[in-house]
Amino acid sequence: MSQRIALTVQGAVMEVSPGIRPYDLELTPAHAVACKVDGEVVDLTRPLERAGAVDFLTFDDDEGKRVFRHSSAHLLAQAVKRLWPQARLGTGPALAEGFYYDIWLPEPLQESDLEQIERAMAEIVAEDLVIERVELEREQALALFAERDEPFKLEIIRRLPEAAVISAYRQGDFIDLCTGPHLPSTGWIKSFRLTNVSGAYWRGEETNPMMTRIYGTSFPEPAQLQQFFERQEAAKRRDHRKLGRELDLVSFFDDAPGFPFWHPKGQQLYRVLEGFSRDLQQQNGYQEVSTPWIYRVGLWQRSGHWDHYRDNMFVIDRDDQLMGLKPMNCPGHCLLFGAKTRSYRDLPLRLAEYSPLSRYERSGTLHGLFRVRGFHQDDAHLFVGEEQIGAEMKRVLELVDIVYRAFGMRYDVVFSTRPEDFLGDLSLWQQAESELESVLQRSGLKYRVNPGDGAFYGPKLDFHVIDALDRRWQCATVQLDFQLPVQFDLSYTDQEGKVRRPVIIHRAIMGSIERFLGILIEHYAGAFPLWLAPEQVRVIPITDGQAGYAAAVQGALRERGMRSAIDASNQKLGYKVRAAQLAKVPVMLVVGARDEAQGTVSVRSREVGDLGPRAWPDYLQELVSSAQAPLT
RNA sequence: GCUGACGUAGCUCAGUUGGCAGAGCAGCGGUUUCGUAAACCGCAGGUCGUCGGUUCGAGUCCGACCGUCAGCUCCA
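(A) Fine view of the protein's contact with RNA strand B. Around RNA strand B, the structure places 57 residues, and the nearest of them are N196, R371, N570, R578 and S602. Per-element tally for the surface near RNA strand B: the top contributor is helix α16 (residues 573-582), with 7 residues. Classifying every residue of the surface near RNA strand B gives 19 nonpolar, 20 polar and 18 charged.

Okay, here's the thing in structure tokens:
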């Protein structure tokens, strides 16, 4: 057989015999875990039959990482089957940071069982079992998994489209339904650890059986596993629940689960943040209002919340009347808009509100400041004419950019379209979606479409900010609403005297201010920039001989609106400096006898350390100007 | 809400086969008056999450509830 095929391997053209495995090509890098053949990710052991382009993937590529972790999930499943033959396999995907496998077991696992599973996994790695791809006809696949008594796998096969290629991967006595690709053998998984177990419903539905989900992570090199755990520790040190307590910002009590108690410092921080938003919005033509927090149920029925959001509402039953605490401000703002005749001259009408909102969240979902039951948003509803949507959306996108830039955060945009559980008629939805999409395209922002994830009343844009540890958080949300104006029969008179229906843009930029503060705590690791820090300056007299001078320094700081404290404790300087560093106060002003005599303050920066003495009234001006909010 | 784990002083944690509830830090008092990340001595601080059960005796064993944590689900 002299027939040869031409391959373009990593850009280099070569001729090979058909059927060769990518793994056996001369150019295969030592660290390859999978490869791409004409763009399709495949096993290193998949025979190459036709001419094409071959590119290799290593663990450093996201797709390569996925292959590695997916094979790790199979390894986990095989180990569990060895230990518990009655285990039934669900699904086991790769995650960004590792993998999991959902497995049905007669008895739920405990964390202490993980060690013996890890041991069984290590044995399978030592056996270095070849991982082999098998393609099956539908009937063969059904027969195979029926014989192996894997009901969940059978369910998956039955749901596969007619035309689907059904494949399975075999390693030793273990075989799993899987599209792959996988590593060539189990011996490649040099370094892994199981991290935790939890319950998870089959296919994510509460009515389905509860599976045991086992999480783990894996790497080609032990050092990488070590680094992974170090990163986890770093994230743990920044946890806002821990820092919130340590920095005396916020706490929770059993008596009010899901409702934060803001301590003086936390409340200060909160007010600076809210003030920043308030000033910015005022400059941008928003008008702040304050509306009730309890409404009769009729309002919620009219707004659609009763049908679509009731499970998330706190409801009060008084005097045979149902009342609901507001989870959102929109219906109140609609009442205000509709309370008088409006003309095109009033539009866009931008109503902002920072009032308390409450949402009933199931107990298991509460999570520090990230998921609470009582919170506030930097919320606004923009009542606009249809022709104003584009221009107004553009202004909102600009505002979002200003806010996130102020905190040095990058962000992604997600465009979510019509969900199954939608209100109103299809044509209005289509109009709203195309309107939003064209604004997005003109803005030049990069965005991703998330079909079916919109609110029940309209399509939306979600903004995911990226924090200092590269984690993504959903904060801003901008929702176009063609439905609520109909429910509330809102109207305005246009230039020609015709009555027209306004459109509502719901928008929040920080989203929940509580949650945003939690994100900021983690983003800054509690070391807030000067303009945000609840205590901006700590004055540290070296001995109590400088009590009077320290008080004078603080007096001057107060006069210029700087937030400060004096550490008059009976301690040595080193102790007070340490205390201020641990409290993450950005600026320390050490005042000793020398400073008092010379009219100076000895400045210490939280980040840089000792900056030496500075002439006092001059330095105050410098401090004040560097404490300005980054408004532009 | 569901699965699993956890709940001891303000914080971090120890507490043996069921037998007198402990430490460090923080706090308070005193001594020291000190120049850039922890001076010294002393004092005080707990209904061991709550309620019930087993036991001569429960922080420890059992049950229910509450809360927290890791997830599921949901979402700002």
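Picking up after the structure, the text goes on.
(B) Examining the state of the cysteines more closely. Applying the stated criterion across every chain, the model contains 0 disulfides. In this model C330 remains outside any disulfide bridge; the closest cysteine sulfur is found in C334, 6.7 Å from its own. The class of C330 is buried, set by a relative accessible area of 2%. Free of any disulfide, C475 has its nearest neighbouring cysteine sulfur in C330, separated by 19 Å.

(C) Fine view of the side chain of T291. Of note, T291 is situated in the loop between β15 (287-288) and β16 (294-296). For T291, a relative accessible area of 7% puts it in the buried group. Within polar-contact distance, the side chain of T291 engages the side chain of K326 at 3.1 Å. Look past the residues within four positions of T291 in its chain and what remains in contact with it is K326, N329, H333, L336, E353 and S355.

(D) Spotlight on empty space enclosed by the protein. Summed over the entire model, instances satisfying the criterion amount to 5 cavities of 30 Å³ or more. Its volume calculated, the largest cavity comes out at about 100 Å³. If you go around the largest cavity, you meet 13 residues; those closest to its centre are G526, P534, E535, A583 and K584. By residue class, the composition of the lining of the largest cavity is 8 nonpolar, 1 polar and 4 charged. By volume, the second largest cavity is sized at about 50 Å³. S277, R278, Q281, Q282, Y286, Q287, E288, A352 and Y354 together form the lining of the second largest cavity. Elements supplying a minimum of two residues to the lining of the second largest cavity: α7 (264-283) and β15. Element by element, the count of residues in the lining of the second largest cavity is highest for α7, at 4 residues.

(E) Structural view of helix α12 (residues 426-443). Over its 18 residues, α12 extends 26 Å from the first C-alpha to the last, a length consistent with the 26 Å expected when each residue adds 1.5 Å. Turning to α12, its buried residues are W429, A432, E433, L436, V439 and L440. Along the long axis of α12, the arc covered by the buried residues comes to 130°, so they all point the same way. Facing away from the buried surface of α12 by more than 90 degrees, the exposed residues are Q441 and R442. Buried residues in α12 make contact with α11 (389-406), β23 (410-416), β24 (447-450), β25 (460-466) and β26 (472-481). Directly after α12, the chain includes G444, whose backbone phi takes a positive value near 80°.

(F) Structural detail: the nonpolar core. Y404, F407, L461, F463 and L532 are the most contacted members of the largest nonpolar core, which has 62 residues in total. With 10 residues, α11 is the single largest residue contributor to this core. Grouped together as the second largest cluster of nonpolar side chains are 40 residues, L114, F174, I189 and F192 included.

Calculation rules
Residues numbered from 1 in each chain as written. Chains lettered and ligands numbered in written order. Predicted model: local features only at pLDDT ≥ 70, side-chain atom pairs only at ≥ 80, totals over all residues. Heavy atoms only, no water. Near = heavy atom within 4 Å. Helix = DSSP H or I, 4+ residues; strand = E, 2+ residues; numbered from the N terminus. Nonpolar A, V, L, I, M, F, W, Y, C, P; charged D, E, K, R; others polar. Disulfide = S-S within 2.5 Å. Buried < 20%, exposed > 50% of the residue type's maximum accessible area, 1.4 Å probe, protein only. Polar contact = N/O pair within 3.5 Å; in protein donor to acceptor, adjacent residues only side chain to side chain. Contact = heavy atoms within 4.5 Å. 1 Å grid on protein atoms, 1.4 Å probe; cavity = no way out; pocket = protein on both sides within 12 Å on 5 of 7 lines; lining within 4 Å. Points joined across faces, edges and corners; volume = space filled by probe spheres on them. Expected span 1.5 Å × (residues − 1). Arc of directions from axis to C-beta. Core = buried A, V, L, I, M, F, W, Y, C linked by side-chain atoms within 4.5 Å.

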